[in-house]
Number of protein chains: 4
Amino acid sequence: MSSTAQPRRGNTRQRIQDVALELFAEQGYEKTSLREIAEQLDVTKAALYYHFKTKEDILVSLFQDLARPIDELIAWGETQPPTLEAKKEILRRYSEALAAAAPLFRFMQENQATMRDLSVGETFKSRMMRLLELLKQPEGTMTDRVRCFTAIFAMHAGIFALRDVEGDPEEKQEAILEVATDLMVRAQGVTE
Amino acid sequence: MSSTAQPRRGNTRQRIQDVALELFAEQGYEKTSLREIAEQLDVTKAALYYHFKTKEDILVSLFQDLARPIDELIAWGETQPPTLEAKKEILRRYSEALAAAAPLFRFMQENQATMRDLSVGETFKSRMMRLLELLKQPEGTMTDRVRCFTAIFAMHAGIFALRDVEGDPEEKQEAILEVATDLMVRAQGVTE
Amino acid sequence: MSSTAQPRRGNTRQRIQDVALELFAEQGYEKTSLREIAEQLDVTKAALYYHFKTKEDILVSLFQDLARPIDELIAWGETQPPTLEAKKEILRRYSEALAAAAPLFRFMQENQATMRDLSVGETFKSRMMRLLELLKQPEGTMTDRVRCFTAIFAMHAGIFALRDVEGDPEEKQEAILEVATDLMVRAQGVTE
Amino acid sequence: MSSTAQPRRGNTRQRIQDVALELFAEQGYEKTSLREIAEQLDVTKAALYYHFKTKEDILVSLFQDLARPIDELIAWGETQPPTLEAKKEILRRYSEALAAAAPLFRFMQENQATMRDLSVGETFKSRMMRLLELLKQPEGTMTDRVRCFTAIFAMHAGIFALRDVEGDPEEKQEAILEVATDLMVRAQGVTE
DNA sequence: GATGAATGAGTTTTCATTCAT
DNA sequence: GATGAATGAAAACTCATTCAT
């Protein structure tokens, strides 16, 4: 962090993003004011506006930078054949991507109401729909569809919700992946 | 809705709650202003303060009134023996209770960041912990615990998340319950 | 002005309008901040917003209240036959109406750029067109039309522009009316 | 306008003036920000400060460059004998000078409130007084003085005010000059 | 002849809340 | 059981300006 003395270097934009993500995730988007972000960075509010056009723009930039791996994963997934093995791999990779962008996903999870009328919300929703499409079985029952849905959702929620459950983080993450994979597998209509 | 003409004596408090819940659920807690609530009710902001001490107080009152069935359900659950059948029944009843208080749960689901530093948040969290305790198997593995957790979470999320998936609402609700029950059953240590 | 002690009575709205008009006319619309208005009234900025929805709304209200006589005059003018005598009377009355709402017209005269993109601007422009229509002679030459136009404009400009010319105000006003009337008369097709 | 590609060395100062005048005239001085000017020129705000000390300085420079013909005209007028013929010639030339610097005069006409507390305002006012002095008859009545005043003002206002009146621009300009000349002539006390 | 990064002072506007009536 | 009038604090955002490079 080395904030002693003059940082004044070309990294301000990045630092704004870091602090913003931290505060957005901790307190929520609306409750985080630009004054707060600026103060924590020891710059003026106007400096934020030099780097970002609006408050929302800061959020958008976070998604652009951090959600890319997810996009790439989905794009990759769409090139795969719809085999069980491929689907398992998608979930495995999704679990990793999620862990890498944990604060962002925590933010999304906890600020859904806000996301809804922020441009970035729509974008995300459609991403999820594409992912769902990759995992589900075309002729599956409603129950199967719900299973797939739950698989994805469990991963999202899991990361943060289990924070206050005792246990090793890695172990938890693996357990979540296991449950999700299990749900997805059962959703393939292995019924009979 | 019969909102034409006469203000219908004595039910203002109730009407405030109705409108507040609707707006809180639709737009989020922070983005809903008391002015908005008052305007929609055609009373002044000051009138809200006659009935409730603060904005947060309105929210608290909603939880007090609407989350009671959940509390009662959990309390009832705690009197039951930890059999599979009882656990299934708890989930079944939970599904119903959730449906009955759907807007409130939608609100919670979508405003977690807000809930966190509102007194009512803690209350709710502990409720969930108690519910989890009821469903999980004491010596279960981490994976089993995650299954239980996912079961509950799936029910919460399901109600709203599936809104924009085609299909009959009741069918969806049943499917969700089925998936949740399934998860919980598997979590009972099908180990051997 | 009696601003000693507590004014707190139902006249705040009026007082806001008074001060606003004075400042808008003196410094221009954009250069007058709500802080300034509030300070001069010894209330908070928020108090202004209790009485008016926006800054622009204060201006609109001034027009609504002060430009009414002009509207009525034009409406009356439109009921008159297009005789020379009637047209003279219209100018005479217009001169009076202008004097009565002098600060507002000074404001308009000096803030045309601002008026242009304020809703109230369009309204005013059409008013002027109607007035012009009343005075001009249908088959008049371009020169005649310009004369009518100049007659009206001279009255608008005169009131303020002559402020720093020595001489008795009433005498000036009469002189302006005389010049305007003269212009209008000549515009009636002294063709032959 | 050839604004594609190469920046055309050395003329930036001129380009700033061009864009500034256009925007000042279109939107008013206060509503035009340096950011806007810079953006339209595709340079940074700081570049403007290389060429001009302040925002006001840009405006001052416009007057210095564009109002010179007016100054010269007045200076020339002051060398002429106060004959009717000379006065007519002054008006004729003034009409031309005005047309040549139309956007600047439009700006002045529409931003009087702003002009008033910009150094350049005083300068201009005294110019007008000198012009008035040239046209009026020393012992004229108040009415005569008003006529002279109106003559000048009509020319100022006319150019822009008639923009939305149908008709050929040149014809309009001539009509305005005719009316102004007429007013001035009558102001010479041709009474008897 | 310019830019990149920033600032300080300001703007309009909104909010939850209060209180005398 | 309410309203009318107001406040204090804060929000997001904009602007002219500066200065090291």
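Residues numbered from 1 in each chain as written. Chains lettered and ligands numbered in written order. Predicted model: local features only at pLDDT ≥ 70, side-chain atom pairs only at ≥ 80, totals over all residues. Heavy atoms only, no water.

**A few points about the UniProt feature "DNA-binding region" (unreviewed entry) in chain A**
Then comes step 1: Mapped onto this numbering, the UniProt entry annotates "DNA-binding region" (unreviewed entry) at residues 33-52 of chain A.
Then comes step 2: For residues 33-52 of chain A, helix accounts for 75% and strand for 0%, while the C-alpha atoms at its two ends are 14 Å apart. (UniProt positions renumbered as here; feature names shortened; annotations may be inferred. Helix = DSSP H or I, 4+ residues; strand = E, 2+ residues; numbered from the N terminus.)

**Considerations on the interface of chain C and chain D**
Then comes step 1: Facing 41 residues of chain C, the contacting portion of chain D comprises 41 residues.
Then comes step 2: Between chain C and chain D, a total of about 3,500 Å² is buried, with carbon and sulfur atoms accounting for 59% of that surface.
Then comes step 3: In this structure, the connection of chain C to chain D is made through eight salt bridges.
Then comes step 4: Note that Arg186(D) and Asp182(C) form a salt bridge whose closest N and O atoms lie 3.3 Å from each other.
Then comes step 5: Looking at the side of chain C that touches chain D element by element, the count peaks at 11 residues for helix H10 (residues 142-161) of chain C.
Then comes step 6: A class-by-class count of the residues in the side of chain C that touches chain D yields 16 nonpolar, eight polar and 17 charged. (Contact = heavy atoms within 4.5 Å. Buried area = accessible area lost by both parts, 1.4 Å probe. Salt bridge = Lys/Arg side-chain N within 4 Å of Asp/Glu carboxyl O. Nonpolar A, V, L, I, M, F, W, Y, C, P; charged D, E, K, R; others polar.)

**Digging into the relation of the copies chain A and chain B**
Then comes step 1: With an RMSD of 0.1 Å, the operation that places chain A on chain B is a rotation of 180° combined with a shift of 0.1 Å along the axis. Such a combination of turn and shift is consistent with a two-fold rotation axis. Residue Asn111(A) of chain A places its C-alpha closer to the rotation axis than any other residue of that unit, at 2.8 Å.
Then comes step 2: The fraction of interface residues of chain A whose copies in chain B are also interface residues reaches 100%, indicating that both copies meet through the same surface. (Least-squares fit on C-alpha atoms with pLDDT ≥ 70 in both.)

**With respect to the protein's contact with DNA strand E**
Then comes step 1: In the vicinity of DNA strand E lie 34 residues, with Tyr50(A), His51(A), Lys55(B), Tyr49(C) and Thr44(D) positioned nearest.
Then comes step 2: In DNA strand E, the atoms that sit within 4 Å of the protein are 64% sugar and phosphate, with bases accounting for the remainder.
Then comes step 3: Within the contact set of DNA strand E, a phosphate oxygen lies 2.6 Å away from a side-chain nitrogen or oxygen of Tyr49(C).
Then comes step 4: Contributing elements (two or more residues each) for the surface near DNA strand E: helix H3 (45-51) of chain A, helix H2 (34-41) and helix H3 (45-51) of chain B, helix H2 (34-41) and helix H3 (45-51) of chain C together with helix H3 (45-51) of chain D.
Then comes step 5: In terms of residue class, the surface near DNA strand E is made up of 14 nonpolar, 12 polar and eight charged. (Near = heavy atom within 4 Å. Polar contact = N/O pair within 3.5 Å; in protein donor to acceptor, adjacent residues only side chain to side chain.)

**Observations regarding helix H2 (residues 34-41) of chain A**
All names here are of chain A.
Then comes step 1: Of all the positions in H2, only Leu34, Ile37, Ala38 and Leu41 are classed as buried. The arc that holds every buried residue of H2, seen down its axis, measures 95°, which confines them to one face.
Then comes step 2: Buried positions along H2 lie against helix H1 (12-27), H3 and helix H4 (55-66).
Then comes step 3: Looking at the residues trailing H2, positive phi occurs at Asp42, about 60°. (Buried < 20%, exposed > 50% of the residue type's maximum accessible area, 1.4 Å probe, protein only. Arc of directions from axis to C-beta.)

**Here's the deal with the protein's contact with DNA strand F**
Then comes step 1: With respect to spatial proximity, 34 residues lie near DNA strand F, and among them Arg35(A), Thr44(B), Tyr50(C), His51(C) and Lys55(D) are the closest.
Then comes step 2: Thr44(C) has a polar side-chain atom sitting 2.8 Å from a phosphate oxygen of DNA strand F.
Then comes step 3: One of the side-chain nitrogen or oxygen atoms of His51(C) is found 2.6 Å away from a phosphate oxygen of DNA strand F.
Then comes step 4: Elements with a contribution of two residues or more to the surface near DNA strand F: H2 and H3 of chain A, H3 of chain B, H3 of chain C together with helix H2 (34-41) and H3 of chain D.
Then comes step 5: Class assignment of the residues belonging to the surface near DNA strand F gives a composition of 14 nonpolar, 12 polar and eight charged.

**Focus: the interface of chain A and chain B**
Accessible area lost upon the coming together of the parts serves often as the stated size of an interface.
Then comes step 1: The interface of chain A with chain B comprises 41 residues on the first partner and 41 residues on the second.
Then comes step 2: Both sides together, the interface formed by chain A and chain B hides about 3,500 Å², and carbon and sulfur atoms give 59% of it.
Then comes step 3: Applying the counting criterion to the chain A and chain B interface returns eight salt bridges.
Then comes step 4: Taken together, chain A and chain B are joined by 17 residue pairs in polar contact (both at pLDDT 80 or more).
Then comes step 5: At the level of elements, H1, helix H7 (102-110), helix H8 (112-116), helix H9 (119-135), helix H10 (142-161) and helix H11 (169-186) of chain A are the ones that each hand at least two residues to the side of chain A that touches chain B.
Then comes step 6: Here the side of chain A that touches chain B gets 11 residues from one element, more than from any other, and that element is H10(A).
Then comes step 7: Taken together, the residues of the side of chain A that touches chain B sort by class into 16 nonpolar, eight polar and 17 charged.

**Brief notes about helix H6 (residues 84-100) of chain B**
Residues and elements named next belong to chain B.
Then comes step 1: Over its 17 residues, H6 runs 25 Å from end to end, which matches the ideal 24 Å to within 8%, given 1.5 Å per residue.
Then comes step 2: Of all the positions in H6, only Ala86, Lys87, Ile90, Leu91, Tyr94, Ser95, Ala97 and Leu98 are classed as buried.
Then comes step 3: Each element contacted by the buried residues of H6 is listed here: helix H5 (68-79), helix H7 (102-110), helix H9 (119-135), helix H10 (142-161) and helix H11 (169-186). (Expected span 1.5 Å × (residues − 1).)

**Re a negative patch on the surface**
Residue and element names in this part refer to chain A.
Then comes step 1: Among the surface-exposed residues, Asp168, Glu170, Glu171, Glu174 and Glu178 lie close enough to one another that they form a single negatively charged patch.
Then comes step 2: Within the element layout of this structure, Glu178 appears in helix H11.
Then comes step 3: Accessibility expressed as a relative area gives 43% for Glu178, which makes it partly exposed. (Patch = residues over 30% accessible without salt bridge, like charges linked within 9 Å, V, L, I, M, F, W, Y side chains within 5 Å. Areas by Shrake-Rupley, 256 points an atom, 1.4 Å probe, with all protein chains shown as cover. Lys, Arg positive; Asp, Glu negative; His and termini not counted. Charge placed at Lys NZ, Arg CZ, Asp CG, Glu CD.)

**Things to note about the relation of the copies chain C and chain D**
Then comes step 1: The two copies are related by a screw operation: chain C maps onto chain D through 180° of rotation and 0.0 Å of translation along the axis, at an RMSD of 0.1 Å.
Then comes step 2: Of the interface residues in chain C, 100% have counterparts in chain D that sit at the interface too, so the contact is made through matching surfaces.

**Examining unusual backbone geometry**
Then comes step 1: A positive phi is found at Asp42(A), a non-glycine position, where the angle reads about 60°.
Then comes step 2: Among the structural elements, Asp42(A) can be located in the loop between H2 and H3.

**Concerning the packing of aromatic side chains**
Then comes step 1: Evaluation of the coordinates by the stated rule reveals 16 aromatic pairs over all chains.
Then comes step 2: Ring geometry for Phe149(C) versus Phe153(C): centroids 5.4 Å apart, planes at 20°, classification stacked. A residue pair is termed a helical-turn pair when its members lie 3 or 4 positions apart in one helix, as Phe149(C) and Phe153(C) do in helix H10 at four residues. With respect to class, Phe149(C) is no different from Phe153(C); both count as buried.
Then comes step 3: Taken together, the aromatic side chains of Phe24(A), Tyr29(A) and Phe107(A) make up a single cluster linked through ring pairs.
Then comes step 4: The aromatic ring of Tyr29(C) is capped on one face by Lys55(C), whose charged end is 4.4 Å from the ring centroid.
Then comes step 5: The lysine or arginine in question, Arg93(D), covers the ring of Trp76(D), its NZ or CZ lying 3.8 Å from the ring centre. (Phe/Tyr/Trp six-rings, centres within 6.5 Å; stacked < 30°, edge-to-face > 60°. Lys NZ or Arg CZ within 6 Å of the ring centre and 35° of its normal.)

**Points about the side chain of Gln17(C)**
Then comes step 1: Its location among the elements puts Gln17(C) in helix H1 (residues 12-27).
Then comes step 2: Setting aside residues no more than four positions away along its own chain, Gln17(C) makes contact with Phe52(C), Ser61(C), Leu62(C) and Asp65(C).

**Side note on the pattern of salt bridges**
Residue and element names in this part refer to chain D.
Then comes step 1: Taken as a whole, this structure holds 52 salt bridges over all chains when the rule is applied.
Then comes step 2: Between Glu89 and Arg92 there is a salt bridge whose closest N-O contact spans 2.2 Å. With Glu89 and Arg92 both in helix H6 (residues 84-100), this residue pair falls three residues apart, about one helical turn.
Then comes step 3: For Glu89, a relative accessible area of 22% puts it in the partly exposed group.

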